[in-house]
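An overview of the molecular structure
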Amino acid sequence: MVKEKKNKYSIIVPTYNERLNIALIVYLIFKHLRDVDFEIIIVDDGSPDGTQEVVKQLQQVYGEDRILLRPRAKKLGLGTAYIHGLKHVSGNFVVIMDADLSHHPKYLPSFIKKQLETGASIVTGTRYVKGGGVHGWNLMRKLTSRGANVLAQTLLWPGVSDLTGSFRLYKKSVLEDIISSVVSKGYVFQMEMIVRASRKGYHIEEVPITFVDRVFGSSKLGGSEIVEYLKGLAYLLVTT
Amino acid sequence: MKHIVKIMVLLVAISACWIGLLQTSIILRSHTWLLPIYFIISLGCYGLLMVGVGLMNFPTCPQEALLLHQDIDEAKEFLKRRGVDVGSD
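Residues numbered from 1 in each chain as written. Chains lettered and ligands numbered in written order. Predicted model: local features only at pLDDT ≥ 70, side-chain atom pairs only at ≥ 80, totals over all residues. Heavy atoms only, no water.

The subject of this paragraph is the overall build of chain A. Along the backbone of chain A there are eight helices and nine strands. The C-alpha atoms of chain A give a radius of gyration of 17 Å, which matches the 18 Å a tight globule of 240 residues would have. Each principal axis of the C-alpha atoms in chain A carries an extent, and together these give about 50 × 45 × 35 Å. Looking at chain A as a whole, 55% of its 240 residues qualify as buried. Put simply, of all contacts in chain A between residues at least 6 apart along the chain, 81% involve residues at least 24 apart. On chain A, roughly 10400 Å² of surface is accessible, and the fraction owed to carbon and sulfur atoms is 56%. Taking the average location of the 32 positive side-chain charges in chain A and that of its 23 negative ones, the two points are 3 Å from each other. (Helix = DSSP H or I, 4+ residues; strand = E, 2+ residues; numbered from the N terminus. Rg over C-alpha atoms; globule rule 2.2 N^0.38 Å. Buried < 20%, exposed > 50% of the residue type's maximum accessible area, 1.4 Å probe, protein only. Contact = heavy atoms within 4.5 Å. Areas by Shrake-Rupley, 256 points an atom, 1.4 Å probe, with all protein chains shown as cover. Lys, Arg positive; Asp, Glu negative; His and termini not counted. Charge placed at Lys NZ, Arg CZ, Asp CG, Glu CD.)

The next thing to look at is the UniProt feature "transmembrane region" (unreviewed entry) in chain B. Residues and elements named next belong to chain B. On the UniProt side, "transmembrane region" (unreviewed entry) is annotated at positions that read residues 7-27 and 33-58 here. Taken end to end, residues 7-27 has its terminal C-alpha atoms 26 Å apart, with 86% of it in helix and 0% in strand. The straight-line gap between the two end C-alpha atoms of residues 33-58 is 39 Å; of that span, 92% is helix and 0% is strand. (UniProt positions renumbered as here; feature names shortened; annotations may be inferred.)

Inspection of every chain in the model, using the stated rule, returns one cavity of 30 Å³ or more. In this structure, the largest cavity encloses a volume near 40 Å³. Looking at the lining of the largest cavity, the elements with two or more residues in it are β9 (210-212) of chain A together with α3 (62-81) of chain B. Partitioning the lining of the largest cavity into residue classes produces four nonpolar, three polar and two charged. (1 Å grid on protein atoms, 1.4 Å probe; cavity = no way out; pocket = protein on both sides within 12 Å on 5 of 7 lines; lining within 4 Å. Points joined across faces, edges and corners; volume = space filled by probe spheres on them. Nonpolar A, V, L, I, M, F, W, Y, C, P; charged D, E, K, R; others polar.)

As a further point, take the layout of surface pockets. Empty space within the second largest pocket amounts to approximately 360 Å³. Residue lining of the second largest pocket: 17 residues in total, with Val150(A), Leu151(A), Thr154(A), Gly47(B) and Leu48(B) positioned closest to the centre. For the lining of the second largest pocket, the secondary-structure elements that each account for two or more residues are α5 (139-156) of chain A together with α2 (29-56) of chain B. At eight residues, α5(A) tops the list of elements feeding residues into the lining of the second largest pocket. Tallied by class, the residues present in the lining of the second largest pocket amount to nine nonpolar, seven polar and one charged.

Here we come to the packing of helix α1 (residues 3-24) of chain B against α2(B). Residues and elements named next belong to chain B. Where α1 contacts α2, the axes come no closer than 8 Å and their chain directions differ by 160°. On the basis of the axis angle, α1 is roughly antiparallel to α2. When the axes of α1 and α2 are compared, the crossing they make is right-handed. Contact with α1, carried on its side by Ile14, Trp18, Leu21, Leu22 and Gln23, involves Arg29, Thr32, Trp33, Leu35, Pro36 and Phe39 of α2 and no other residues of that element. Of the residues assigned to the contact of α1 with α2, the class counts are eight nonpolar, two polar and one charged. (Axes fitted to C-alpha atoms, helices over the stretch in contact; angles between N-to-C directions. Parallel < 35°, antiparallel > 145°, perpendicular 65-115°, else oblique. Left-handed = near helix turned anticlockwise from the far one by under 90°.)

To continue, consider the interface of chain A and chain B. Contacts between chain A and chain B engage 43 residues on the former and 34 residues on the latter. Both sides together, the interface formed by chain A and chain B hides about 3400 Å², and carbon and sulfur atoms give 71% of it. A per-residue breakdown of the area chain A buries against chain B is headed by Leu20(A), Tyr27(A) and Arg146(A), which together make up 17% of the total. Taken together, the links from chain A to chain B amount to four salt bridges. Of all the secondary-structure elements, those providing two or more residues to the side of chain A that touches chain B are α1 (19-32), α2 (51-62), β6 (133-135), α5, β9 and α8 (223-239) of chain A. When residues of the side of chain A that touches chain B are assigned to their parent elements, the largest contribution, nine residues, is made by α5(A). Class assignment for the residues of the side of chain A that touches chain B results in 25 nonpolar, ten polar and eight charged. (Buried area = accessible area lost by both parts, 1.4 Å probe. Salt bridge = Lys/Arg side-chain N within 4 Å of Asp/Glu carboxyl O.)

Shown next as C-alpha cells:
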C-alpha cells in the first residue's frame, strides 16, 4: 500500500497597486490548479488603488479559506513581505510569484510535477532555456540580461541558469531556513536566496517558464541598477 | 568552504603551476611570463563569446503575449459575472 502524503501549496503573492492583476492571477491559479490543495496568501502593502477591496470580492467568490489577505500598513519591501506571508502559511510547500502577470499560473502544475518527480527542495523557473523565454525586451535589455548572467555564472557558479527569477517553489522548511540568512533587497534578494540555497547543498531543479514583461516599457534599466547589481554580485562573491 | 575561498585556492594553484613553469623552464621563459596575460585575454574572449552566443539564441516567446491577452479576456468575463470589479485601473 502506498502511503499518500497530502501536499498543500501556499502561494505567496506580494502586491502593491495591482487591483486588476490580482483578480486575473487568482482566476488563472484556480483555473490551472483544479485538483490541488492550495491557498493564496496576498501580502498587500497598503495599496492606495483599492487592491484590498478587490481581494475581498475575490474572497466572496472563492472562499476565505483559499484566499488569505494579510496586508501591511505600507511598502516595506519584498523580503519582509515573504517573511510576513510565511507566518500565515499552512501548507508544506510555498510558491512565490509576482502579481503583475509576468509569471503565468499555467506553469504551476509543471513546478509541482517536477518537485514530485525529483523530490527537490526548490524548483525555480528559468526564462533562459529552451521551452522558456521572454517577450517584451528590446536588444539592449537582452544584452544587459545576458551579460549580467554570464558575469554571475563566471563569478558565482550558482548551479542555476536564471538567478534573478522570482517564480519559485520551495519546501516550506527550506524557505524558512534560507530567508533568515538573506540581507539583500530588490532583485539581488532573489539572487542571494538561490545562491545561499545552492551553497547549503539544497537540491534545486529548474523548469522553463515564459516571461511576458508588461512593465518594461515604463521602467528603465539605468546606470544605478547596474551598479546595484555589481555591488550585489561582489557581496555574494565574498559572503556566500 | 566559502565560495571566495574556493576561487582563491584555484588561483593559488594556477599561480603555483605558473611559478613552477618559470623555475623549470619547460616552456621558453619569455613565453611563460606572458601566460597570465594570455589567460586573462582568453577569459575575456570566452566571456564575450558566451554573451554573443546567448544573445543570438535568446529564447523569445511572442505568442505568449497573445495567449496572455486571451487569458485576460477570459478572466475578466468570468469575474465580472461574479461581482468582482475588473474595470481598468
